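These are the residues of each chain, in order.
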Amino acid sequence: MTFDDADKKQRLDSAAERVIDLADKIFSNHGSSEDIAELETLLLATPELRKIYLRYVMIHSQLAVSTSGLSGDILIANKTKAPTSIDKKTTLGRLLAIASASAAAILISGWVYLVNCNNSRPGKESNFADASGNESPIEKHYDRRNLPTQIVGVLVSEKSRNISSSTLNVDQGEAELKTTDGIDLQIEGPAKFGASSSSAGVLFHGSVLANLTRPNTKYSIETTGLRVIDRGTEFRVAKMDQNQVRVEVLDGEVEVQSRIRKPLFLWSFDDFPSNSGDKPAVDSGIVSHRVERVPGIVGSGALSFENRNDSLVQINAGAGKEVGTGAMACSSGISIEAIVISRWDGGKINYDEIFRKEDGNHRMLLSFQNDGSPFGYETPQVASGPCLSFGLHLNQYGYSELDMPLDGKEGRPTLQEITDGTPHHIVATYDSFTGRKSIFIDGRIRMSHDFAEGTLVLNGGPARAEIGNHGSFEPFTGIIDEVAYYDFALTDEEIALHYERAMRGLPYYEQPYGASTSDRWKAITIVRAGSTQVFDLSSLVLPIENLDLAPNEEK
Amino acid sequence: MNDHASSDPELYEEFLQLFTRDQLRIFAWIRALVHDPTASSDVFQETSLEMWRSFASFRPDADFLRWALGIARHQVLKYWRKARRDRHAFSDELIQELTAESFSFAEELAPRQAALDDCIRKLSDRQRDLIHRFYGDNQSATAIAEAWQRSVHAVYKSLKVMRRFLFECVEAKMMEQSQ
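Residues numbered from 1 in each chain as written. Chains lettered and ligands numbered in written order. Predicted model: local features only at pLDDT ≥ 70, side-chain atom pairs only at ≥ 80, totals over all residues. Heavy atoms only, no water.

### What about the overall build of chain A?
Within chain A, the regular secondary structure consists of 7 helices and 30 strands. A burial count over chain A gives 58% of its 555 residues as buried. For chain A, restricting intrachain contacts to residue pairs at least 6 apart in sequence, the fraction spanning at least 24 positions comes to 63%. Accessible surface, chain A as shown: approximately 20,900 Å² in total, 48% of it carbon and sulfur. (Helix = DSSP H or I, 4+ residues; strand = E, 2+ residues; numbered from the N terminus. Buried < 20%, exposed > 50% of the residue type's maximum accessible area, 1.4 Å probe, protein only. Contact = heavy atoms within 4.5 Å. Areas by Shrake-Rupley, 256 points an atom, 1.4 Å probe, with all protein chains shown as cover.)

### A word on the state of the cysteines
Residues and elements named next belong to chain B. Under the counting rule described, the total for this entry stands at 1 disulfide over all chains. Two residues, Cys119 and Cys169, share a disulfide whose sulfurs are 2.0 Å apart. Between Cys119 and Cys169, the S-S torsion sits near -85°, and that sign places the bridge as left-handed. Taken together, the positions of Cys119 in helix α6 (residues 109–120) and Cys169 in helix α9 (residues 152–178) put the pair 50 residues apart, joining distant regions of the chain. Given the relative accessible area of 0%, Cys119 is considered buried. (Disulfide = S-S within 2.5 Å.)

### A word on helix α3 (residues 37–54) of chain B
Taking 1.5 Å per residue, 18 residues should reach 26 Å; α3 of chain B reaches 25 Å between its end C-alpha atoms and fits that length. For α3 of chain B, every residue scored as buried is listed here: Ala39, Ser40, Ser41, Val43, Phe44, Gln45, Thr47, Ser48, Leu49, Met51, Trp52 and Ser54 of chain B. (Expected span 1.5 Å × (residues − 1).)

### Quick notes on unusual backbone geometry
Along the chain, Gly189 of chain A connects to Pro190 of chain A via a cis peptide bond; the corresponding omega equals 0°. Tracing the backbone through its elements, the reader meets Pro190 of chain A in strand β5 (residues 183–197). The omega angle of the peptide bond from Thr379 of chain A to Pro380 of chain A is 5°, so this bond is cis rather than trans. As for its placement among the helices and strands, Pro380 of chain A is situated in the loop between β20 (364–369) and β21 (387–394). Backbone geometry places Phe269 of chain A, a non-glycine residue, at a positive phi of 65°. Examined against the element boundaries, Phe269 of chain A turns out to sit in the loop between β12 (265–267) and β13 (281–283). The backbone of Gln149 of chain B sits at a positive phi, close to 55°, despite the residue not being glycine.

### Comments concerning the packing of α3 of chain B against helix α4 (residues 64–83) of chain B
All names here are of chain B. Relative orientation of the contacting elements α3 and α4 amounts to 130°, with a least axis distance of 9 Å. Taken together, the axes of α3 and α4 are oblique relative to one another. α4 is crossed by α3, and the crossing has right-handed handedness. The segment α3 lies against α4, with Ala39, Val43, Glu46, Thr47, Glu50, Met51 and Ser54 engaging Phe64, Trp67, Ala68, Ile71, Ala72, Gln75, Val76 and Tyr79. Tallied by class, residues from the contact of α3 with α4 come to 10 nonpolar, 3 polar and 2 charged. (Axes fitted to C-alpha atoms, helices over the stretch in contact; angles between N-to-C directions. Parallel < 35°, antiparallel > 145°, perpendicular 65-115°, else oblique. Left-handed = near helix turned anticlockwise from the far one by under 90°. Nonpolar A, V, L, I, M, F, W, Y, C, P; charged D, E, K, R; others polar.)

### A short note on the confidence of the model for chain A
Detail in the predicted coordinates should be disregarded across regions flagged by low pLDDT. All names here are of chain A. Chain-level pLDDT for chain A is 78 on average; 79% of the residues reach the 70-or-more range. Across residues 67–136, confidence stays below pLDDT 50; counting only partners more than four residues off in sequence or on other chains, it has 173 contacts. Scored below 50 in pLDDT, residues 540–555 shows 39 contacts in the model against residues more than four places distant or in partner chains. (pLDDT = per-residue confidence, 0-100.)

### Quick notes on the pattern of salt bridges
Residues and elements named next belong to chain A. Evaluation of the coordinates by the stated rule reveals 38 salt bridges over all chains. With a closest N to O distance of 4.0 Å, Glu176 and Lys178 form a salt bridge. Through salt bridges with shared partners, one network takes in Glu353, Arg356, Glu358, Arg363 and Glu474. (Salt bridge = Lys/Arg side-chain N within 4 Å of Asp/Glu carboxyl O.)

### Details of the packing of aromatic side chains
Applying the stated criterion across every chain yields a total of 25 aromatic pairs over all chains. Here Phe204 of chain A and Phe433 of chain A contribute two aromatic rings whose centre-to-centre distance is 5.2 Å and whose plane-to-plane angle is 55°, an arrangement assigned as tilted. With a gap of 229 residues between them, Phe204 of chain A in strand β6 (residues 200–212) and Phe433 of chain A in the loop between β23 (424–431) and β24 (436–441) connect regions that are remote in the sequence. For Phe433 of chain A, a relative accessible area of 12% translates into the label buried. An aromatic cluster is defined as three or more aromatic residues linked by ring pairs; in this entry it consists of Phe15, Phe19, Phe27, Phe44, Trp52, Phe55, Phe58, Phe64 and Trp67 of chain B. Over the ring of Phe390 of chain A we find Lys437 of chain A, and its NZ or CZ is 5.1 Å from the ring centre. Residue placement shows Arg126 of chain B over the ring face of Trp148 of chain B; its charged tip is 3.8 Å from the ring centre. (Phe/Tyr/Trp six-rings, centres within 6.5 Å; stacked < 30°, edge-to-face > 60°. Lys NZ or Arg CZ within 6 Å of the ring centre and 35° of its normal.)

### Here's the deal with the pairing of strand β27 (residues 477–486) of chain A
All names here are of chain A. Summarising burial for β27: 9 of the 10 residues are buried, a large majority. With 3 bridges connecting them, β12 and β27 associate as antiparallel partners. Bridge assignment links Phe265 to a residue of β27, and that residue is Tyr485. Summarising the sheet, strand β16 (residues 302–306) and β27 pair through 4 bridges and their orientation is antiparallel. (Pairing = 2+ DSSP bridges.)

Here's what the structure looks like:
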C-alpha cells in the first residue's frame, strides 16, 4: 500500500465512522437538517460510503423483522382460496383481513399480529404513577421485563426465520420446521402443532412427519397423555380424532409412552427444618427464612407464615437460563396444587402468595390478591375485590391472570369461607389441548376461562420459585402444606380424588411416590419400521394406577 | 380492483407463493430506505398492492425479488418525494443512488438475515432484551429507560453499541462466506 493509498483508506474509515454516527442519529430521531445534509454530501460523494450506509441500515431494518427478540405465535398456512378483489383503499390490516385465507396474508398477519400483540401486551407501557408523580406501590409486585426466550427452530418456508416456542397452524399443504437440534419436521395440514422445544413438539390435531438427520439427536411428539419418542428413525404421528392417534414408522423404531401422572416437584414439608430464627435454613434445595414448621394438614409437617415481610421459602431447583428452559418450564399444560389454611384479610393491595416464580412477563403465580388488576392482566374481566389469582404466560396472549372473585356467586367461595380457619385444597390448572385455564377449590372447579385450543404455556427462566411470599412484599398469613407442581393439567377426577384424600389427612396418591423431574413418561410399546399402530387415548387420562393402555394393530 | 384477480385464481396462487417467500426481504429493504416504522409499513402496503396489480406482466422466468424491489423502489421514491416538504428529507438524487445501489443487496438479504440471527445469539442477555423491547415490542427509548431505570441517553448509547457490534459481526460472517 502506498502512502496515498493508506491516507485514502484512513480518510474513508473516518468518513465511514461519521456516516454510521449520523445514521444512528437518524434512527434515534435526533438527526437535524444539518446532519441530514452532511450525510447526504458524504453519501453522494463516495459510492463506497453508500454501500457501508446501506449495510448498516440493513441491520436496523432486519432487526425490525427478525423474530429473534420476539416471542409468541407464528401463524402459517399454505395454499388456500384466492380472494376475489383487493381494494386500493384498504389499509394493511384490512388488506390482511380480506386476504386472511391466503398464505401470504396469513404470513404477514402473523408478523403484524406479533408486533401488535406485543404492543398491546398489558401493562407494557404503563407507568401507574399516582397523582403526585410517585411510582405506585403496585409496581414492586411485578417485574415487567420481557426476558430472553429460547429459540427452538427455524421455519424453512420463511427462509431461516427463527422461532421461539410457538403453535403452528397449517390450514392446507405443508410447513417445514427444522429444530435447532437438527430435526426436520413436516407438518401436514390441516394441522395444529406446538413447537414447544428443540427436542419436543405437541400435536393438537393433524399429522406430523419427523425425520432425524443426525445420529444422536432425540425428538418426541406428545399428544393427549401419550408421547412418541424416536429411537433413531423417521416416523409420522397423526391425531385421527379426539381419542385415536396413529403412529407410523418409516425407518428405525419409536417408543410409545404414556404420561406418568406424578408431580414434577412436591414439597410436603414433612421433614422440613423449623426456622423462626435469624439464619436461613437450607434443606433439599429449599431455603427458608423465618418460617415455622407446624404439624401437617397432611403428613407430619406444614409451614406457618405469620404475615412477616422477611418470611419466605425459596426453591433453588427448576430455574433455567432463558424463558422456556429449566425444570419448571412447561408447554402443553401445568397444575399448581396446595392445601392452605388462610388468614388473609382481603385488604386492598394486600397480596398473599401461595406460589410464585417471577420471570418477568413469563411469571406464574397462585395468590390471594385485591389490587383491581391495575395492569389489565385479568382475563376474563371481573369485578374488583378480593380474589384468588392464577397468573400464567400463554403464547399469543401474553401474561394474564384468572382472577376468581371471592364473592360467593356462581359456586365460588366467599372471602369468609376461604379464610374460615379450616384447610382448603386449591388447584390451578391449564390444559393446552383444550385451552382451558381453571381454578379448583376443595375438589370442585369454581372458575375457568377458555383460550384457543393449542395455546402453549411459555414459562421457566432464571427466577427462583417462592412459596409464601414474593420478595419481601407479599407475605402469606396462615399455613401452607403439600405444594405440588406438575407439567400437565390434572383432570377433574384426579383433583377430586386428591381433595378427598387430603381431607382425610392422606397424601394425594395412594401408593408411595416421589416427585421426579426425570420420570415423566412410561414405555408402553415399541413400533418398528414398516408398521402402523393406532392408540386409544381415552384410557390415558386416568391416574397411573389405572393405566390400561393397549395398542391395537391397525386393520 | 384487479381484473385478473377474480378471473384467474391460479395466477393469484402463484403470486402468493412468490410473495410469501420474499415478503420479509422486501419489507426489510423498504425499511432500510424509509426509516419511519409507520411510513415503511405504508410503503410496504402500497408495494404489495402494486405488485399484485402488475403481476400479470411478471415473466415466470424472471427473478421475482428483483422485480418486486423494482416496484418497491418506485414506492420508496414516491414516499420521499412526498416527504420532501419535510426539511429532513434526502434529495431525489441521493434516493435514486441509494435505491439503485441497494439492488446489489437482493441476493445478500437472506444470508445477511441468517448471519444477523447468528450474531444476535452472541449478544448479552441485556442486549437481547434491548432488541426485544426496541424492535420487537416497538417500545420507545423513553419507556425502556424507565423500565431499566437508566437515562434515555444511556439507552440510545446501548442501541448504538449493540447495532455496531451486530454490523461488524454480520460483515465478518459475510466476508467468511465469500472466501
